[in-house]
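# What the coordinates show
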Amino acid sequence: MKQIATLVACALMTLTAGFAQEGRGRGGAQSPPDIAGEWSGTWATYSPSAGAVPPQTVCASLNATITAREGVWEAVFEGDCGRPYKYSIKMEGRQAGSAVLFKGTTDLGPRDGGVYDWVGRATTGEFVGFYTSAASTGVFSLTRKKK
């Protein structure tokens with residue numbers, strides 16, 4: 001259990017440290033990766049205090065459509081987890097080498113757990129993150145949908 005908590009803490013420190021190192025990298029300016037498009041994957045709860053060793057998949061179906069407009073990304077997440085859901089979230093992000101690092105806060109409303117904070121990382125083929133709220137913590141992992 002402590003190993004998982006340490007792993008999550010290290011992942012969070014790595015992701016958030018990237019925000020503090022803006023502009024640093026190898027080989028000068030790089031083009032941002034193209035992360036716009038259709039994605040699919042899963043999200044899972046994670047509760048070290050409850051003794052959950054690996055994250056426990058809550059819903060095996062998570063879909064996202066990501067668009068970029070004038071340096072701001074927007075993701076529309078949708079799926080069905082006992083009932084359909086759909087959330088549109090603006091994502092603050094910045095390029096870090098061949099990835100985009102995201103962070104954000106969003107209110108999903110009282111029915112869906114209230115205010116969530118999250119950090120994430122997207123490349124051209126993978127979008128992963130960690131979220132937390134007053135009542136829940138967890139992870140999500142998506143890959144590009146095949147055309």
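## Some remarks on the overall build of the chain
When helices and strands are counted, the chain shows one helix and eight strands. For the chain, the α and β elements follow one another from N to C terminus as α-β-β-β-β-β-β-β-β. Residue burial in the chain is summarised as follows: out of 147 residues, 33% are buried. If you take every contact in the chain between residues at least 6 apart in sequence, the share linking residues at least 24 apart comes to 44%.

## Let's talk about the side chain of Thr106
Position of Thr106 relative to the elements: it lies in strand β5 (residues 99-107). Ignoring any residue separated from it by four or fewer positions in sequence, one finds Thr106 in contact with Ile89, Gly114, Val115, Tyr116 and Trp118.

## A closer look at the environment of Pro33
Along the chain, Pro33 turns up in the loop between α1 (2-20) and β1 (37-45). Residues Pro33 and Gln95, spaced 62 residues apart in sequence, show a C-alpha to C-alpha distance of 8.0 Å. Excluding anything up to four places from it in sequence, Pro33 contacts Gln95, Ser98, Ala99, Val100, Ala122 and Thr124.

## What about the packing of aromatic side chains?
In this structure the tally under the stated criterion is ten aromatic pairs. Seen in terms of ring centroids, Phe77 and Phe140 are 6.3 Å apart; in terms of plane orientation they differ by 65°. Their pairing is edge-to-face. Linking Phe77 in strand β3 (residues 72-80) with Phe140 in strand β8 (residues 137-144), this pair joins segments that are 63 residues apart in sequence. For Phe140, a relative accessible area of 10% corresponds to the buried category.

Rules and cut-offs
Residues numbered from 1 in each chain as written. Predicted model: local features only at pLDDT ≥ 70, side-chain atom pairs only at ≥ 80, totals over all residues. Heavy atoms only, no water. Helix = DSSP H or I, 4+ residues; strand = E, 2+ residues; numbered from the N terminus. Buried < 20%, exposed > 50% of the residue type's maximum accessible area, 1.4 Å probe, protein only. Contact = heavy atoms within 4.5 Å. Phe/Tyr/Trp six-rings, centres within 6.5 Å; stacked < 30°, edge-to-face > 60°.

By themselves these figures say nothing about function.
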